[in-house]
Amino acid sequence: MEGLKVWRLSSSIARPSSLRQLFGLGSSSALVLRCLDGSAAAASTTTNLRVPTGNRRSSTSTSTSDREAVRSIRLKKVEQLRSKGLDPYAYKWDRTHSASELQEIYKNLESGEELDGESDHVSIAGRIVARRAFGKLAFLTLRDHSGTIQLYCEKEKLLNDQFEQLKTLVDIGDILGASGSIKRTEKGELSVKVDSFAVLTKSLLPLPDKFHGLTDIDKRYRQRYIDMIANPEVADIFRKRAKIVREIRNTVESQGFVEVETPVLQGAAGGAEARPFVTYHNSLGRDLYLRIATELHLKRMLVGGFEKVYEIGRIFRNEGISTRHNPEFTTIEMYEAYSDYQSMMDMAEEIVTRCALAVHGKLAIDYQGVEINLEQPWRRETMHNLVKEVTGIDFTELQNDLKVAKDAIVKALGDGLDSKDKFSIEACPSLGHLLNEVFEIFVEPKLLQPTFVLDYPMEISPLAKPHRRHAGLTERFELFICGRELANAFSELTDPLDQRARLEEQIRQHNKKRAEAVSVTDDADEKNNKDEDSMYEVTLDDDFLTALEYGMPPASGMGLGIDRLVMLLTDSASIRDVIAFPVLKISQ
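All chains use their own residue numbering, which begins from 1 and follows the written sequence. For a predicted model such as this one, the threshold for reporting local features is a pLDDT of at least 70, and the threshold for listing and counting side-chain atom pairs is 80 or more; totals across whole chains, interfaces and linings nevertheless cover every residue. Computation of side-chain values: all heavy atoms of the structure, hydrogens and water removed.

## Details of the overall build of the chain
- Secondary structure elements are taken from DSSP: a helix is a run of H or I of four residues or more, a strand is a run of E of two residues or more, and numbering for both begins at the N terminus. The number of helices and strands found in the chain is 18 helices and 21 strands.
- Buried positions account for 49% of the 588 residues belonging to the chain.
- Here, two residues are considered to be in contact whenever any of their heavy atoms come within 4.5 Å of each other. Considering only residue pairs separated by 6 or more positions, the chain has 68% of its internal contacts joining residues 24 or more positions apart.
- The Shrake-Rupley method, run with a 1.4 Å probe, gives the accessible areas here. Residue values count only the displayed protein chains as cover. Accessible surface for the chain amounts to roughly 28,500 Å². Of this, 49% is attributable to carbon and sulfur atoms. The classification of residues rests on relative accessible area computed with a 1.4 Å probe and restricted to protein chains. Under 20% of the type maximum is buried, over 50% is exposed, and intermediate values are partly exposed.

This is how it looks when you write it as structure tokens:
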């Protein structure tokens, strides 16, 4: 067996004191591997393989030399397979069923019962995740995309020397194809009684105990393929993600929306206030930006005559990384002509509830220990009223003097403000920014149940239509669940002159922040930190403003974060848990 052969390697490789040390095996158990010499039918050596989902540090780990020793042995097995005329990297395998299909079809088969009729001869394929061998009998656990099933292997049932090949050349991690009849063992395990098998892909590296020492979460993300092999529940998250995206498409298309595609590389990064990624196009001799939103090109589609459009696409923002933020993420943005932001609230409710039903079959879900009720209708309240409700401050009664307003806020909330909060409040350039800052600090974390926050200040909503009844506000909402923003929507601004003035003011404010960042301090480290936040160029998208001058119909629009929705519906604490290959720091 492979483990025993490693013990016979050259003395240049440090010898472990036991097989358990050789493979870096801890004390927990999940997948069981019993390796027996053919002459030792009565005894077995058991080792345990498990990849934890936590962040506990393993007491032992497989060294690089041990890993390379195992790889060397498996490479020799590749040569042995080829010497027997067997291809260790097959082209295909014709399978008749998946593991879950067999479990369902034969769920009523009694223990000890065997079916060997022609219709019960099956063919399956998957990765070997466990095995036990007892002389002339071997049991292997095969896992495919749907689940697991046992392979029941008898020496007399297999032709020629296939049983010996199974014992000596097949390892945990190999991908096998197997054919045979159906049997349920005396212990009740549904099995394929194998009459033939083939190694479809020979694994060169062993499934590592505790990720070969990679127990911290960052490294689990870095080697997601191992994470998914060892922890099937991780792969289930991405299957649920696919189901959620499919349900979103079905929901919006059932209401007449047309899916379109807009450029990822853009001449101006617009539609949001965020630091873009910049690249250079050699043939054009110009800088281009990875999009920070799909908004402005989707609105061009409305100008061109489309009335209901949407795009599910990747967005790129060169900003911080956290449990809620990844530099690239996925959104759906949609725009509907001849409607206002009230219709987008209905759409948001419909999308989220239908996705919840698709994943859970119910509207009462648990997220990180908090029960969330998604039954409609959801609460709808203005930002002003929510701030007053939580803090007792009525912004409508504050004077228009910004300094007086800031002093009143600090006096009223002094005990609840840390130094960072006080700095943020002092840095607010307008009453609208001040209202939003107080909301983000005190109100946002308390919005656990689904809540539409309505009527944002104009200063922080440059693309939203002015409120038809309340001066200084816009017809905008954000949807919050579990203290997190999930969606953002407007009655869209269609006045091209107003839009130009607002975007130019946004650029003016940004350039002012850039200038302050340069002059505020001579300290290099602090200056570099400020540069990171604000020292990037914001450009005006003149073509978008030109499009508006041709006329865009009254419309509403909404952006909804798909990653955050998947987090909510899969009870995932971090955005990295729902992105298969998140952006990470360079491995040291």
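## Here's the deal with helix 8 (residues 232–253)
- The span one expects for a helix is its residue count, reduced by one, times 1.5 Å. Spanning 22 residues, helix 8 covers 32 Å between terminal C-alpha atoms, matching the ideal 32 Å at 1.5 Å per step.
- Restricting attention to buried positions, one finds in helix 8 the residues Val234, Ala235, Ile237, Phe238, Arg241, Ile244, Val245, Glu247, Ile248, Thr251 and Val252.
- Where helix 8 is buried, its residues meet helix 6 (217–222), helix 7 (224–230), strand 13 (308–316), strand 14 (328–337), helix 10 (341–360) and helix 18 (562–570).

## What about the nonpolar core?
- Only buried Ala, Val, Leu, Ile, Met, Phe, Trp, Tyr and Cys residues count toward a nonpolar core, and they belong to the same one when joined by side-chain atoms within 4.5 Å. Met334, Met558 and Leu565 are the most contacted members of the largest nonpolar core, which totals 46 residues.
- Contacts of Leu565, omitting those with residues within four sequence positions, involve Ile244, Ile248, Val352, Cys355, Leu486 and Leu560.
- Residues Leu142, Cys153, Val170 and Phe197 belong to the second largest nonpolar core, which totals 28 residues.

## Brief notes about the pairing of strand 7 (residues 175–184)
- Counting buried positions over the 10 residues of strand 7 gives 9, a clear majority of the element.
- By this definition, two strands are paired if DSSP reports at least two bridges between them. In this structure, strand 3 (residues 114–115) lies alongside strand 7, joined through 2 bridges in antiparallel fashion. Considered in strand 7, the bridge of Glu114 is made with Lys183.
- In terms of strand pairing, strand 4 (residues 122–134) meets strand 7 through 6 bridges, oriented antiparallel.

## Some remarks on the environment of Val78
- The residue Val78 is located in helix 3 (residues 64–83) in this model.
- It is 6.2 Å that separates the C-alpha atoms of Val78 and Pro88, two residues lying 10 residues apart in sequence.
- What Val78 contacts, discounting residues up to four positions off in sequence, is Pro88, Tyr89, Lys202 and Leu204.

## Observations concerning the sheet that holds strand 18 (residues 451–454)
- Read across the sheet, 8 strands follow the order 9-13-14-21-20-19-18-17 without closing on themselves; strand pairing throughout is mixed. The sheet terminates laterally at strand 9 (258–259) and strand 17 (379–382), the two strands that pair on one side only.
- Note that strand 20 (residues 484–491) and strand 21 (residues 555–561) share 5 bridges and pair antiparallel. Residue pairing for strand 21: Asn488 is matched across the bridge by Gly559.
- On the sheet, helix 10 packs against strand 14, strand 17, strand 18, strand 19 (476–481), strand 20 and strand 21 and is oriented at approximately 30 degrees with respect to strand 21.
- Under this scheme, a helix contributes an axis fitted over its contacting stretch, all axes are lines through C-alpha atoms, and angles between N-to-C directions fall in the 0 to 180 degree range. Contacting strand 17 and strand 18, helix 11 (residues 383–391) crosses the sheet at an angle of about 90 degrees to strand 17.

## So, the environment of Gly173
- With respect to the helices and strands, the residue Gly173 is situated in the loop between helix 5 (162–169) and strand 7.
- For the pair Gly173 and Ile128, spaced 45 residues apart in the sequence, the C-alpha separation amounts to 5.3 Å.
- Among residues more than four places away in sequence, those in contact with Gly173 are Arg127, Ile128, Ser203 and Leu207.

## Concerning the side chain of Asp541
- Mapping Asp541 onto the fold places it in the loop between helix 16 (524–534) and helix 17 (542–550).
- The exposure class assigned to Asp541 is buried, which follows from its relative accessible area of 13%.
- Setting aside residues up to four positions removed in sequence, Asp541 forms contacts with Ala268, Leu296 and Arg300.

## Observations concerning the pattern of salt bridges
- The term salt bridge refers to a side-chain nitrogen of Lys or Arg lying within 4 Å of a carboxyl oxygen of Asp or Glu. For the coordinates displayed, the defined rule picks out 35 salt bridges.
- The residue Arg249 makes a salt bridge to Glu259 at a minimum N-O spacing of 2.8 Å. Here Arg249 is found in helix 8, whereas its partner Glu259 is found in strand 9, with 10 residues between them in sequence.
- The partly exposed category is assigned to Glu259, whose relative accessible area is 33%.
- With a shortest N-O distance of 3.8 Å, Arg314 and Glu328 are connected by a salt bridge. Here Arg314 is found in strand 13, whereas its partner Glu328 is found in strand 14, with 14 residues between them in sequence.
- Taking the relative accessible area as the measure of exposure, Arg314 reaches 31% and is therefore partly exposed.
- Three or more residues are tied together by salt bridges with common partners; here these are Arg74, Lys77, Asp171, Asp174 and Lys202.

## Overview of helix 5
- The element helix 5 is extensively covered by neighbouring structure, given that 6 of its 8 residues are classed as buried.
- Of the surrounding secondary structure, the elements contacted by the buried residues of helix 5 are helix 3, strand 4, strand 5 (137–143), strand 6 (148–154), strand 7 and strand 8 (190–201).

## Here's the deal with the sheet that holds strand 12 (residues 286–290)
- Pairing in this open sheet of 3 strands is antiparallel, and the strands run 10-12-11 from one edge to the other. The outermost strands of the open sheet, each flanked by one partner alone, are strand 10 (265–266) and strand 11 (278–281).
- Where strand 10 meets strand 12, 2 bridges bridge the pair, whose relative direction is antiparallel. Looking at strand 12, one finds that Leu265 is bridged to Leu290.

## Quick word on the side chain of His97
- Tracing the sequence through the fold places His97 in the loop between helix 3 and helix 4 (99–105).
- Pairs of N or O atoms within 3.5 Å make up the polar contacts considered here, provided that, within protein, one atom can donate a hydrogen while the other can accept it, and that residues adjacent in sequence are counted only when both atoms are side-chain atoms. Of note is the side chain of His97, whose polar atom sits 2.7 Å from the side chain of Thr96.
- Apart from residues lying up to four places away in sequence, His97 is in contact with Leu102, Ile105, Val122, Ser123 and Ile124.

## Observations regarding the packing of aromatic side chains
- Classification of ring pairs rests on two measures: the distance between centres of Phe, Tyr or Trp rings, Trp counted by its six-membered ring, which must be within 6.5 Å, and the angle between planes, read as stacked under 30 degrees, edge-to-face over 60 and tilted in between. In this structure the tally under the stated criterion is 6 aromatic pairs.
- When the centroid spacing of 5.3 Å and the interplanar angle of 75 degrees are considered together, the rings of Phe139 and Tyr152 count as edge-to-face. Here Tyr152 lies in strand 6 and Phe139 lies in strand 5, a separation of 13 residues in the sequence.
- Given a relative accessible area of 13%, Phe139 falls into the buried group.
- Ring pairs connect the aromatic residues Phe134, Phe139 and Tyr152, which therefore count as one cluster.
- Look at NZ for Lys and CZ for Arg. If either is within 6 Å of the ring centre and within 35 degrees of the ring normal, a charge sits over the ring. Its guanidinium or amino end placed over the ring of Tyr152, Lys183 lies 5.2 Å from that ring's centre, counting from NZ or CZ.
- For the cation-ring pair, Arg476 lies above Tyr456, with the distance from its terminal atom to the ring centre recorded as 4.4 Å.

## Quick word on the confidence of the model for the chain
- The quantity known as pLDDT measures the predictor's confidence residue by residue, on a range of 0 to 100. Overall, the prediction assigns the chain a mean pLDDT of 86, with 85% of residues at 70 or greater.
- Counting contacts from residues 210–214, a segment whose pLDDT is below 50, to residues more than four positions away or on other chains yields 21 contacts.

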